[in-house]
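Tertiary structure, described
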Amino acid sequence: MGYLGNIFVQFALYLVCALSLNVVLGYCGLFSMCHAAIYGLGAYAAAISMTRAGLPFSLACAIAVLIGGLASLCVSLPAGRVKGDAFALCTLAFQVAVVELLNNLTDLTGGPYGIVGIPVPHLLGFSFHGATRFAILAAGLCALAVYIAWAIARSAFGRTMLAIRSDELAARTLGKNVFMVRVVACAIAGGVVGLGGAVYASYFGYIDPTAFLLGESFVILTMVVMGGSGNILGPILGAAIMVGVPEILRLVNIPSTVAPNIKQMIFGASLVCLMFLRPQGLWGRYTLK
Amino acid sequence: MWIQFLISGVSAGCLYGLIGLGFALVYRTTGVFHVGYAVVFIAAGYCQHVLEHNLALPHFLSSSLGLLFAGGIGVGFEWGIFRPLWRRGSTWSGPFVASIGIYMVFSNLAAALFGNTITSLGNTSTAFLSSGQIPVTKVQLAELAAWVIGTATLYIMLKSTRGGLGIRALQDNPGLAVVLGMDLNHTRSAIFVAGSVLVAVAGLISAYDIGVTPYAGLFPVLAGAIGMMVGGEGIVAAAFGGLMLGVLQSLTVMIWSSSWQQVATFAALAAVLLLRRPVRLQSIPQHRD
């Protein structure tokens, strides 16, 4: 049960990241390459709240959502004026800068040593100790993330995002504030992925900057591109593949020293192949051209 | 003391400038935001190492073959991946995602083959050209020479040769250039070879200086891309943008510490975005072959 619980928690954490990026990429058509950094900021915000200030898990999650949203604003306010590859470059630079901040602000973040002893979450008197119990919390997180994605997709705001993605000029002509829509979409996505970071920190009990490097942003992007973007099912499929492939590699008995590299090579090759064979991803609606 | 920082800033800026030139050459003409240049950056160093240490080839020959190999890889990406994608009507996001895939595959292949530790090409970084209060290393002089030769050659080529005219035509109005009989495939291949060689020269010098690791290429390529944005319109301007970025990083080290270099890079990018709208940073329309 513990093994399955662990797999499910990993799936839930990946799913939150993928659904969050889907709001930015799938609905707005913006390539955000700093999702791992915002995920990390959420994790650090929650960890510091719980270990230093002694705040309960629920308040720490609220702070993580706030920090995630604010961090997204920090990058989207200057970068929201541009789109396409320029937006991708801005977010890439933000990703690199955040990791450097996490490494350098040693008094606050512990620097390269990270933060240890992050307490197990308690909610309404129930302790989520162990992978099996934590899976209940992860299921709640999944449900919340899917609900938010579903609510955004059905809302007028979601339709505005799709309109801007499809034809920015037409949306402007109809009086839509493209810049503001992009900034708000990024803030919502940042809040969601920040919450995921808080759950990540409390699950593992230890965080350091290496968990939130640029490679992780590539992994999140891979999930969304592979599963497909512009709907809810694509990111779910992408997260499932992301969790499933390492488990399959484990069955094939690949040496553990090269297994992470082979996993990354498979994902990289999949990205290239998908651009030829199915640019909208396996189950997506937004075609990358 | 400050002059030492200036020298090291100029030498780092020369590398960013060379990469920025290669990046701008491909980006301004074909619209590919080529993250895969990170692979080209490390390829020359690894090839040189294998040829000299495993096949015992002479130093100069192995370095030249390393550059040739990296140039070949660069044009191989164009032939094997980008050209077929353009034929399918891809604009910028397809090649961008494919180039991320290229980076993931080949950097992890290098990690699987050579390990994550630094592969050294020899202890040349300590070879001083001048002693006294302002020591200049041979590597720093090589960086400056490569920047001057690379920038001047590209400038003369773009201004004075028929091939350069074709590249400028592709940059300004690709549709008209094709209508007037320009061989699009030939010109794009030449662009990818020239861009890859520029990046490979930077990679090889960097490898001589600090060695090479599988993931060492991404940050310099990102810095080169930011240098291109800082430099502004035009291809050759990227060389000066990269140079300015290197000096800015060095000033950051002088005033604060080396830990804040990448934050300074991000700040430069944010300043560029806030103070002036980047010209032609959006994707350049592609034409089906």
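For the structure, see preceding data.
Predicted, not measured: the structure shown is a model, and the values here were computed from it. (Residues numbered from 1 in each chain as written. Chains lettered and ligands numbered in written order. Predicted model: local features only at pLDDT ≥ 70, side-chain atom pairs only at ≥ 80, totals over all residues. Heavy atoms only, no water.)

1. Some remarks on the overall build of chain B
Stated precisely, the cut-off is as follows: Secondary structure elements follow DSSP: runs of H or I no shorter than four residues count as helices, runs of E no shorter than two count as strands, and numbering proceeds from the N terminus. Our radius of gyration is a C-alpha quantity, and the globule rule it is checked against amounts to 2.2 Å times the number of residues to the power 0.38. The criterion used for residue contact is that any of the two residues' heavy atoms lie within 4.5 Å. The accessible surface values rely on the Shrake-Rupley method and a 1.4 Å probe; as for residues, cover is taken only from the protein chains in view. Only four residue types enter the tally: Lys and Arg on the positive side, Asp and Glu on the negative side; His and the chain ends are excluded. Taken as the charge location is NZ of Lys, CZ of Arg, CG of Asp or CD of Glu.
The secondary structure content of chain B amounts to 11 helices and 2 strands. In sequence order, the secondary structure elements of chain B are arranged as α-α-α-α-β-β-α-α-α-α-α-α-α. Against the compact-globule benchmark of 19 Å for 289 residues, chain B has a radius of gyration of 19 Å, which places it among compact chains. Overall size of chain B, expressed as C-alpha extent along the three principal axes, is 60 × 50 × 35 Å. Contacts in chain B between residues at least 24 apart in sequence constitute 78% of all its contacts with a sequence separation of at least 6. Counting only carbon and sulfur atoms, one obtains 68% of the accessible surface of chain B, whose full area is about 11,800 Å². One finds the centroid of the 13 positive side-chain charges in chain B at a distance of 9 Å from the centroid of its 8 negative side-chain charges.

2. A closer look at the overall build of chain A
Let me state the cut-off plainly: Three labels apply to residues, based on accessible area from a 1.4 Å probe with only protein chains included: buried if under 20% of the type maximum, exposed if over 50%, partly exposed otherwise in between.
From N to C terminus, chain A includes 12 helices and 4 strands. For 289 residues, the compact-globule formula gives about 19 Å, and the C-alpha radius of gyration of chain A, at 18 Å, lands near that figure. Seen along its three principal axes, the alpha-carbon backbone of chain A occupies a region of about 55 × 45 × 35 Å. When the 289 residues of chain A are sorted by exposure, 59% land in the buried category. Long-range pairs, those at least 24 residues apart, make up 77% of the contacts in chain A between residues at least 6 apart in sequence. When the accessible area of chain A is evaluated, it comes to approximately 11,300 Å², of which 69% is carbon and sulfur surface. Separation between the mean location of the 15 positive side-chain charges and that of the 8 negative ones in chain A comes to 14 Å.

3. Considerations on the interface of chain B and chain A
Applicable threshold: By convention, the term buried area covers the 1.4 Å-probe accessible surface removed from two parts as they join, with the contributions of both added. Whenever Lys or Arg places a side-chain nitrogen within 4 Å of a carboxyl oxygen from Asp or Glu, that contact is recorded as a salt bridge. Any pair of nitrogen or oxygen atoms within 3.5 Å is treated as a polar contact; in protein, a donor-acceptor pairing is required on top of that, and neighbouring residues in sequence qualify only through side-chain atoms on both sides. Nonpolar residues are Ala, Val, Leu, Ile, Met, Phe, Trp, Tyr, Cys and Pro. Charged residues are Asp, Glu, Lys and Arg, and all others, Gly as well, are polar.
At the interface, 50 residues of chain B touch 40 residues of chain A. Broken down residue by residue, the surface that chain B buries against chain A is led by Val97, Met104 and Phe266 of chain B, which jointly contribute 16%. Along the contact surface separating chain B from chain A lie 0 salt bridges. Seen at the junction of chain B and chain A, the total is 10 residue pairs in polar contact (both at pLDDT 80 or more). Listing elements by their share of the side of chain B that touches chain A, those giving two or more residues are helix 3 (59–87), helix 4 (93–114), helix 9 (218–231) and helix 11 (261–275) of chain B. The dominant element in the side of chain B that touches chain A, judged by the number of residues it contributes, is helix 4 of chain B, at 16 residues. Tallied by class, the residues present in the side of chain B that touches chain A amount to 33 nonpolar, 14 polar and 3 charged.

4. Overview of the environment of phenylalanine 157 of chain A
All names here are of chain A. Checked against the element boundaries, phenylalanine 157 lands in helix 7 (residues 156–166). On the basis of relative accessibility, which here comes to 23%, the residue phenylalanine 157 falls in the partly exposed class. In this structure, the C-alpha to C-alpha distance between phenylalanine 157 and valine 184, residues 27 residues apart in sequence, is 9.6 Å. When residues no more than four places from it in sequence are discounted, the contact partners of phenylalanine 157 are Val181, Val184, Ala185 and Ile188.

5. So, helix 4 of chain B
Residues and elements named next belong to chain B. Our working rule: Helix span, as expected, comes to 1.5 Å for every residue beyond the first.
Its 22 residues give helix 4 an end-to-end C-alpha distance of 31 Å, which sits within 8% of 32 Å, the value for a rise of 1.5 Å per residue. The element helix 4 is extensively covered by neighbouring structure, given that 17 of its 22 residues are classed as buried. Two residues or fewer past helix 4, glycine 115 is found with a positive phi of approximately 85°.

6. Overview of the environment of leucine 248 of chain B
Residues and elements named next belong to chain B. Among the structural elements, leucine 248 can be located in helix 10 (residues 237–255). Residue classification places leucine 248 among the partly exposed positions, given a relative accessible area of 32%. Considered as a pair, leucine 248 and glycine 13 are 235 residues apart in the sequence and their alpha carbons are 8.8 Å apart.

7. Focus: the packing of aromatic side chains
Going by this rule: When two rings of Phe, Tyr or Trp (its six-membered ring) have centres within 6.5 Å they constitute a pair, described as stacked for plane angles under 30 degrees, edge-to-face for angles over 60, and tilted for the intermediate range.
Under the criterion given, the structure shown has 25 aromatic pairs over all chains. Centroid distance phenylalanine 23 of chain B to phenylalanine 33 of chain B: 5.1 Å. Interplanar angle 80°. Geometry classified as edge-to-face. With phenylalanine 23 of chain B in helix 1 (residues 2–30) and phenylalanine 33 of chain B in the loop between helix 1 and helix 2 (37–54), this residue pair connects regions lying 10 residues apart in the sequence. Phenylalanine 33 of chain B shares its class with phenylalanine 23 of chain B; the two are buried. Among the aromatic residues, those joined into a ring-pair cluster are Phe31 of chain A together with Phe23, Tyr27, Phe33, Tyr37, Trp92 and Phe96 of chain B.

8. What about the state of the cysteines?
To keep things clear, this is the line we draw: Disulfide: a pair of cysteine sulfur atoms within 2.5 Å of each other.
By the definition in use, this model includes 0 disulfides over all chains. Summary of cysteine pairing: cysteine 61 of chain A is not part of a disulfide, and the nearest cysteine sulfur, belonging to cysteine 17 of chain A, is at 14 Å.

9. Observations regarding unusual backbone geometry
All names here are of chain A. Positive phi is not limited to glycine here, since asparagine 253 has a value of about 65°. Structurally, asparagine 253 can be placed in the loop between helix 11 (233–251) and helix 12 (259–277). For asparagine 253, a relative accessible area of 66% puts it in the exposed group.

10. Some details on the pattern of salt bridges
If you walk through the whole model with that rule in mind, you get 4 salt bridges over all chains. Glutamate 78 of chain B is paired through a salt bridge with arginine 83 of chain B; the nearest N and O atoms lie 3.2 Å apart. Taken individually, glutamate 78 of chain B and arginine 83 of chain B each receive the classification buried, so the pair is uniform in this respect. Here the salt bridges do not stand alone but share partners, grouping Glu168, Arg172 and Arg182 of chain A into one network.

11. Comments concerning the nonpolar core
Operational definition: To qualify as a nonpolar core, a set must consist of buried Ala, Val, Leu, Ile, Met, Phe, Trp, Tyr and Cys residues joined through side-chain atoms within 4.5 Å.
Leu25, Phe31, Ile207 and Phe218 of chain A together with Phe33, Phe96 and Ile100 of chain B are the most contacted members of the largest nonpolar core, which totals 187 residues. The biggest single contributor to this core is helix 1 (residues 2–27) of chain A, with 16 residues. In contact with phenylalanine 33 of chain B, not counting residues within four places along its chain, are Asp85, Leu89 and Leu92 of chain A together with Phe23, Tyr27, Phe96, Ser99 and Ala225 of chain B.

12. Overview of the packing of helix 5 (residues 138–160) of chain B against helix 8 (residues 184–210) of chain B
All names here are of chain B. Test applied: Under this scheme, a helix contributes an axis fitted over its contacting stretch, all axes are lines through C-alpha atoms, and angles between N-to-C directions fall in the 0 to 180 degree range. Every angle not falling under 35 degrees, over 145, or within 65 to 115 is termed oblique; those three ranges are roughly parallel, roughly antiparallel and roughly perpendicular.
The interhelical angle for the contact between helix 5 and helix 8, taken along N-to-C directions, is 175°, at an axis separation of 10 Å. Overall, the two elements helix 5 and helix 8 adopt an arrangement that is roughly antiparallel. Touching Val139, Ala142, Glu143, Ala146, Gly150 and Leu154 of helix 5 are Leu198, Val201, Ile205 and Asp209, all from helix 8. Residue composition of the contact of helix 5 with helix 8, by class: 7 nonpolar, 1 polar and 2 charged.

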